[in-house]
Amino acid sequence: MLGFVIIVAFEFLGIGLHHLGVPLPSSVLGLLLFTLALVLGLVRLEWVERAATLLIRHMTLLFIPLMAGLTTMTSELRRNGVALLASLVASLLAVLLTTGGLAHLLLRDDEIAEIAEISVE
Amino acid sequence: MIHSSLHPLAQPALYILITLVVYALSLRLHNRYSWLHPLLSASIVLVFLLRTLHISYASYNRGGAVLIYLLGPATVALGVPMFKQGIKLKRALPRLSLVVLAGSIVGMATAGCVARLCGASHQMVMSALPKSVTTPIAVEVSRSLHGDPAVTAAMVLLTGLLGSVLGPALLRLARVHHDHAVGAAIGASSHAIGTASLFRYSEVQGSVSSLAMAMAGIITSALAMLLTLYWRVRGAGGL
């Protein structure tokens, strides 16, 4: 439970900072502060790991009510449907191929380092 | 109807319970039919249930909102895979951020340009820009760009769904096989929905994907912030 308390506290901190005028989304601020706290050792990994893993593993569950909500806004979507769908598909392909291709070129040689690290563990 | 005779406090609990049962069933289905994305089957079954039981979305959402709220903490929780993978991939971290930065810029530019070329209104173009990042971030970015957060949420969901169903196959076609590259591409393009489906096959792909989606969220909101600052400096309200 401590894990959830810490995570929600950081979310709250993010909301507070956003309201004070920091122009980044509150969830991004919460995420940045939380990561920083982990890096600085203010929050220990074992305190939050189980709660965080649970939340992330089952994120799909949290999207279900939003998906069901799409049925209430069909007319708005239909008006701009073609443009939005085209934009969605084009941009999805562009991101997938840019990121995948670049990562393929740049990240390959780290496999060896990671395997070595795992065997040390 | 059963649900309307229930005590008002029991209704959200009932709707959360229904959602949980539908989710558990959809995971079972996904184990048997791996092509059937659990988010898709769960949403179809849920909408069907709500329709046949004559439950309006507004009353369902008294329970649904609790689950939607948890997306906020879930986004903050991404700090854990960021931290863990950050240590593991220390050497590659600058390169990975470069890759995600390039992906995010290309993604926003393509989304905006294609929407504009297809005749979408300015507000719709703005709503399309943050569609590759996770919902809580995308909705806030959309609001800051004066887009329509509901349209953005719809695009985010459809992008995530499409990306997690087609993404891995497309990457295989493009001969991108390495776990880190697949994780980075799915995380940057299909955020939490793609990441969750990667975790079911590979721990490494899922972890890199969560790192990439967190990076994409941060980068996209920073880019949106720069965009609004630029407009403010130019004194113009639009493109």
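Residues numbered from 1 in each chain as written. Chains lettered and ligands numbered in written order. Predicted model: local features only at pLDDT ≥ 70, side-chain atom pairs only at ≥ 80, totals over all residues. Heavy atoms only, no water.

Caption draft 1: The overall build of chain B, seen in detail. The helix and strand inventory of chain B stands at 12 helices and zero strands. Tracing chain B from N to C terminus, the helices and strands come up as α-α-α-α-α-α-α-α-α-α-α-α. Taken over the C-alpha trace, chain B has a radius of gyration of 19 Å; the compact-globule value for 239 residues is 18 Å, and the two agree within 12%. Its C-alpha atoms put chain B at 55 × 45 × 30 Å along the principal axes. Sorting the 239 residues of chain B into buried and exposed places 57% on the buried side. (Helix = DSSP H or I, 4+ residues; strand = E, 2+ residues; numbered from the N terminus. Rg over C-alpha atoms; globule rule 2.2 N^0.38 Å. Buried < 20%, exposed > 50% of the residue type's maximum accessible area, 1.4 Å probe, protein only.)

Caption draft 2: Local environment of the side chain of D148 of chain B. Residue and element names in this part refer to chain B. Inspection of the secondary structure puts D148 in the loop between α9 (135-144) and α10 (149-173). With a relative accessible area of 14%, D148 lands in the buried category. Here A150 takes part through its backbone nitrogen, which lies 2.9 Å from a polar atom of the side chain of D148. (Polar contact = N/O pair within 3.5 Å; in protein donor to acceptor, adjacent residues only side chain to side chain.)

Caption draft 3: View of the domain arrangement of chain B. All names here are of chain B. One can read the domain layout of chain B as domain 1 (2-69) and domain 2 (78-237). Here the C-alpha centroids of domain 1 and domain 2 sit 27 Å apart. Taking both sides of the interface into account, the surface hidden between domain 1 and domain 2 amounts to around 570 Å²; carbon and sulfur atoms contribute 67%. Between domain 1 and domain 2 we count zero salt bridges in total. (Domains from an automatic or database assignment. Buried area = accessible area lost by both parts, 1.4 Å probe. Salt bridge = Lys/Arg side-chain N within 4 Å of Asp/Glu carboxyl O.)

Caption draft 4: How the structure looks around the interface of chain A and chain B. The interface is formed by 74 residues belonging to chain A together with 97 residues belonging to chain B. Together chain A and chain B conceal approximately 7800 Å² of surface at their shared face, both sides included; 78% is due to carbon and sulfur atoms. Linking chain A with chain B are one salt bridge. The salt bridge partner of K84 of chain B is E49 of chain A, with a shortest N-O separation of 2.5 Å. (Contact = heavy atoms within 4.5 Å.)

Caption draft 5: Representation of the pattern of salt bridges within the structure. All names here are of chain A. According to the stated counting rule, one finds two salt bridges over all chains in the structure shown. With a shortest N-O distance of 3.1 Å, R44 and E46 are connected by a salt bridge. Classification of R44 as partly exposed rests on a relative accessible area of 43%. Accessibility expressed as a relative area gives 52% for E46, which makes it exposed.

Caption draft 6: The environment of K131 of chain B, seen in detail. Within the secondary structure layout, K131 of chain B lies in the loop between α8 (122-128) and α9. Residues in contact with K131 of chain B, not counting those within four places in the same chain, are S87, L88, S91 and L92 of chain A together with M155, V156, T159 and H191 of chain B.

Caption draft 7: Expanded view of the packing of helix α7 (residues 93-117) of chain B against helix α12 (residues 203-234) of chain B. Residues and elements named next belong to chain B. In the contact formed by α7 and α12, the axes pass within 9 Å of each other and the chain directions differ by 55°. Overall, the two elements α7 and α12 adopt an arrangement that is oblique. Read as a crossing pair, α7 and α12 show a hand that is right-handed. Contact with α7, carried on its side by L93, L96, S97, V100, L101, S104, I105 and M108, involves L211, A212, M215, A216, I219, T220, L223 and A224 of α12 and no other residues of that element. Of the residues in the contact of α7 with α12, the class split is 13 nonpolar, three polar and no charged. (Axes fitted to C-alpha atoms, helices over the stretch in contact; angles between N-to-C directions. Parallel < 35°, antiparallel > 145°, perpendicular 65-115°, else oblique. Left-handed = near helix turned anticlockwise from the far one by under 90°. Nonpolar A, V, L, I, M, F, W, Y, C, P; charged D, E, K, R; others polar.)

Caption draft 8: Just the confidence of the model for chain B, in detail. Mean pLDDT over chain B works out to 87, with 95% of the residues at or above the 70 mark. Quick note on the complex model: pTM equals 0.83, ipTM equals 0.84. (pLDDT = per-residue confidence, 0-100.)

Caption draft 9: Quick look at the environment of S59 of chain B. All names here are of chain B. Inspection of the secondary structure assignment puts S59 in helix α4 (residues 57-69). Residue S59 is classed as buried on the basis of its relative accessible area, which comes to 14%. Distance from S59 to G79, taken between C-alpha atoms, is 33 Å for residues 20 residues apart in sequence. Side chain to side chain, S59 and S56 meet in a polar contact 3.1 Å long.

Caption draft 10: Looking closely at the packing of aromatic side chains. Scanning the entire structure with this criterion turns up three aromatic pairs over all chains. Each residue in the set Y15, Y57 and Y60 of chain B is aromatic and connected to the rest through ring pairs, giving one cluster. (Phe/Tyr/Trp six-rings, centres within 6.5 Å; stacked < 30°, edge-to-face > 60°.)

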